[in-house]
There are 2 protein chains.
Amino acid sequence: MSSPTDRTTTARAAAKQASLARILDAGAARMRSEGLSGAAIGPLMQEAGLTHGAFYAHFPSKNELALAAFSHGFSSGRPRWLGRIRDVSWAARLKRLAQRYLNQAHRDNLPESCGFAALASDAARAGPQFRERYEEELRRTLEAIRRPFADGDDAATDDTIALMALCVGGLSLSRAVASEALSMRILRVCQTAAATLADAADTQDSTPGKSK
Amino acid sequence: MSSPTDRTTTARAAAKQASLARILDAGAARMRSEGLSGAAIGPLMQEAGLTHGAFYAHFPSKNELALAAFSHGFSSGRPRWLGRIRDVSWAARLKRLAQRYLNQAHRDNLPESCGFAALASDAARAGPQFRERYEEELRRTLEAIRRPFADGDDAATDDTIALMALCVGGLSLSRAVASEALSMRILRVCQTAAATLADAADTQDSTPGKSK
DNA sequence: CTACTCGTATGACGATCATCATGTCAAATT
DNA sequence: AATTTGACATGATGATCGTCATACGAGTAG
């Protein structure tokens, strides 16, 4: 380590960073579509344009990749999901997020979909390290949804938790089912339920100042 | 193949049936706690008191076991979950089911827990065969919840779908998270949300109107 | 120009897996 | 009593996996 500042200036460091980015992209996508242990290092590195041996120049173990790729998926996906805030009320924001989440396009795009839903069962079976990372990203998402509308409001956080549970469960069920008809029905019904929860949250909110 | 009727009367057939039952029990439990492909045949058969080779006297492949064990888990678990009907109203029934589902005991008992939640991510990645089985069991559960209260009612089925999505999502999130505090909060919040949905369903069933 | 650094490629290791061929022995049939 | 059946055990096969030792080669520093 000659100088810590030129890490991004040298050609070699830039090449390694590009490789790392490809590994993270491939890892995040494959783990969401094939599971934490279902995504193997060999095919993953091949997708990244490298061979399996090069993996250990970037991560000491597969578990470390799982942690990094999971967070990487949210770092790149969260801004796309939340978008710029232009909703007029708290209830409207919750409804809009449910619409963005519970639809056919998101359901069918497993590699780029929400990691909370795609890796929920895997996280339940994973070690405490991964679950801590899962919780960290979940808390960040809850904050990102709630903060612009109700900073530090516990009731609004509860609203968001319920909405996310409904969305994660609805998306998971719609994916687990075989027939297109039932799958679409699940998505539609959960959207309606999300609207019901959002309206109920609006009337119950102890701090109604920010909404409307 | 002398007589097809005495298959259950002979000592050998009874022994095989007992072995099959142990394999199904072990398979259903291990697949819920370790995943569809995470549960290996070797350890599974050892838990059933047999060796790995004996497996193929009962199932032609591991996939066939997955189908049978998944259904087996519901055949033995559904009566325990639904219990005898003694609720006075549709909303009360939905709330009671949410209470039975969204609690610490169910969360921590992964091997005997609800297969919909434990295998949701796995089903999304599985082939159409397993997803068809998943859908079949889901439809049976929806029917078993709804039928005693609203036979053939589409609105009641929608209520049940939304409740199950909320329950599956809430339980999955509570398992995927590291800290006990957040996990319990998720369960509590989702119980409250389930009650909100149940009340909204009650007012919607008898009197049309409100929001959609 | 020389020596060193280090990301990557190659190949191998042991472990684990699903699957199957073969042997064995008790129960069932004749 | 003799024969057949079939559930189960044993062991092997080939595939796949994570991990690592080693070697190469381009970039960097002196």
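It should be emphasised that the depicted structure is a prediction, and the values quoted were computed from it without experimental measurement. (Residues numbered from 1 in each chain as written. Chains lettered and ligands numbered in written order. Predicted model: local features only at pLDDT ≥ 70, side-chain atom pairs only at ≥ 80, totals over all residues. Heavy atoms only, no water.)

K.L.:
So what about the overall build of chain A? Which residues, and what values?
P.N.:
Secondary structure summary: chain A contains ten helices and zero strands in total. In chain A, the order of α-helices and β-strands from amino to carboxyl end is α-α-α-α-α-α-α-α-α-α. Along the first, second and third principal axes, the C-alpha set of chain A runs to 60 × 45 × 30 Å. Taking all 212 residues of chain A together, the buried fraction comes to 50%. Long-range pairs, those at least 24 residues apart, make up 66% of the contacts in chain A between residues at least 6 apart in sequence. (Helix = DSSP H or I, 4+ residues; strand = E, 2+ residues; numbered from the N terminus. Buried < 20%, exposed > 50% of the residue type's maximum accessible area, 1.4 Å probe, protein only. Contact = heavy atoms within 4.5 Å.)

K.L.:
Outline the nonpolar core, listing residues and values.
P.N.:
Of all hydrophobic cores here, the largest spans 130 residues; its most connected members are Phe130 and Tyr134 of chain A together with Phe130 and Tyr134 of chain B. Beyond its immediate stretch of four places on either side in the chain, Phe130 of chain B contacts Leu36, Ala66, Leu67, Phe70, Leu119 and Ala123 of chain B. (Core = buried A, V, L, I, M, F, W, Y, C linked by side-chain atoms within 4.5 Å.)

K.L.:
With reference to specific residues and values, describe the protein's contact with DNA strand D.
P.N.:
Of all residues adjacent to DNA strand D, which total 20 residues, the nearest are Lys62 of chain A together with Ser19, Thr51, His52 and His58 of chain B. In the interface set of DNA strand D, defined as its atoms within 4 Å of the protein, sugar plus phosphate atoms amount to 67%. Ile41 of chain A is positioned with one of its backbone polar atoms (N or O) 3.0 Å from a phosphate oxygen of DNA strand D. Contact distances for DNA strand D include 2.6 Å between a base oxygen and a side-chain N or O atom of His52 of chain B. (Near = heavy atom within 4 Å. Polar contact = N/O pair within 3.5 Å; in protein donor to acceptor, adjacent residues only side chain to side chain.)

K.L.:
Describe the packing of aromatic side chains, listing the residues and the values that go with them.
P.N.:
Ring pairs (aromatic) are described by centroid distance and by the angle formed between their planes. All names here are of chain A. Following the criterion strictly, the structure yields 20 aromatic pairs over all chains and no others. Arranged with centres 5.0 Å apart and planes meeting at 55 degrees, the rings of Phe70 and Phe130 form a pair that is tilted. One end of the pair, Phe70, is in helix α3 (residues 62-82); the other, Phe130, is in helix α8 (residues 128-146), and 60 residues separate them in sequence. Of the two residues, Phe70 and Phe130, neither departs from the other in class, the shared state being buried. (Phe/Tyr/Trp six-rings, centres within 6.5 Å; stacked < 30°, edge-to-face > 60°.)

K.L.:
Just give me the short version of the domain arrangement of chain A, but keep the residues and values in it.
P.N.:
Residue and element names in this part refer to chain A. Segmenting chain A into domains produces domain 1 (1-60) and domain 2 (83-204). Relative placement of domain 1 and domain 2: their C-alpha centres are 29 Å apart. With seven residues of domain 1 in contact, the opposing surface of domain 2 contributes ten residues. Taken over both partners, the interface formed by domain 1 and domain 2 buries close to 630 Å², and the fraction arising from carbon and sulfur atoms is 68%. Ranking the residues of domain 1 by area buried against domain 2 places Arg32, Ser33 and Leu36 at the top, with a combined share of 82%. Counting across the domain 1 and domain 2 interface gives zero salt bridges. Along the contact surface separating domain 1 from domain 2 lie three residue pairs in polar contact (both at pLDDT 80 or more). When the residues that make up the side of domain 1 that touches domain 2 are grouped by side-chain class, the tally is four nonpolar, two polar and one charged. (Domains from an automatic or database assignment. Buried area = accessible area lost by both parts, 1.4 Å probe. Salt bridge = Lys/Arg side-chain N within 4 Å of Asp/Glu carboxyl O. Nonpolar A, V, L, I, M, F, W, Y, C, P; charged D, E, K, R; others polar.)

K.L.:
Can you break down the interface of chain A and chain B residue by residue, with the values?
P.N.:
Taken together, the contact between chain A and chain B spans 52 residues of the former and 51 residues of the latter. Across the chain A to chain B interface the summed buried area is about 3,900 Å²; carbon plus sulfur atoms make up 67%. Here chain A and chain B share five salt bridges between them. Between Asp158 of chain B and Arg185 of chain A there is a salt bridge; the shortest N-O distance is 2.9 Å. Joining chain A to chain B, the criterion identifies 19 residue pairs in polar contact (both at pLDDT 80 or more).

K.L.:
With reference to specific residues and values, describe the protein's contact with DNA strand C.
P.N.:
Inspection of the region around DNA strand C gives 23 residues, with Arg12, Ser19, His52 and His58 of chain A together with Ala11 of chain B positioned closest. A distance of 2.5 Å separates a phosphate oxygen of DNA strand C from a polar side-chain atom of Ser19 of chain A. The side chain of Lys62 of chain B places a nitrogen or oxygen atom 2.8 Å from a phosphate oxygen of DNA strand C. Those elements that place two or more of their residues in the surface near DNA strand C are α1 (11-34) of chain A together with α1 (11-34) of chain B. Here the surface near DNA strand C gets three residues from one element, more than from any other, and that element is α1 of chain A. Class assignment for the residues of the surface near DNA strand C results in eight nonpolar, ten polar and five charged.

K.L.:
If you had to explain the relation of the copies chain A and chain B to someone new, which residues and values would you point to?
P.N.:
Here chain A sits on chain B after a turn of 180 degrees about the axis and a move of 0.0 Å along it, with an RMSD of 0.1 Å. Accordingly, the operation relating the two chain copies is best matched by a two-fold axis. Of the residues that chain A buries at the interface, 94% are likewise interface residues in chain B, meaning the two copies contact each other through the same surface. (Least-squares fit on C-alpha atoms with pLDDT ≥ 70 in both.)

K.L.:
I'd like a rundown of the pattern of salt bridges, residues and numbers included.
P.N.:
Residues and elements named next belong to chain A. For the coordinates displayed, the defined rule picks out 27 salt bridges over all chains. Ionic pairing is found between Glu143 and Arg146, a salt bridge with its closest N-O pair at 2.3 Å. Placement of both Glu143 and Arg146 in helix α8 is noted, with a separation of three residues, approximately one turn of the helix. Arg146 gets classed as buried once you look at its relative accessible area, which sits at 4%. One salt bridge connects Arg147 with Glu143, and the closest N-O pair in it is separated by 2.8 Å. Of the residues examined, Arg147 reaches a relative accessible area of 46% and is grouped as partly exposed. One network of salt bridges, with partners in common, ties together Arg78, Glu136, Glu137 and Arg140.

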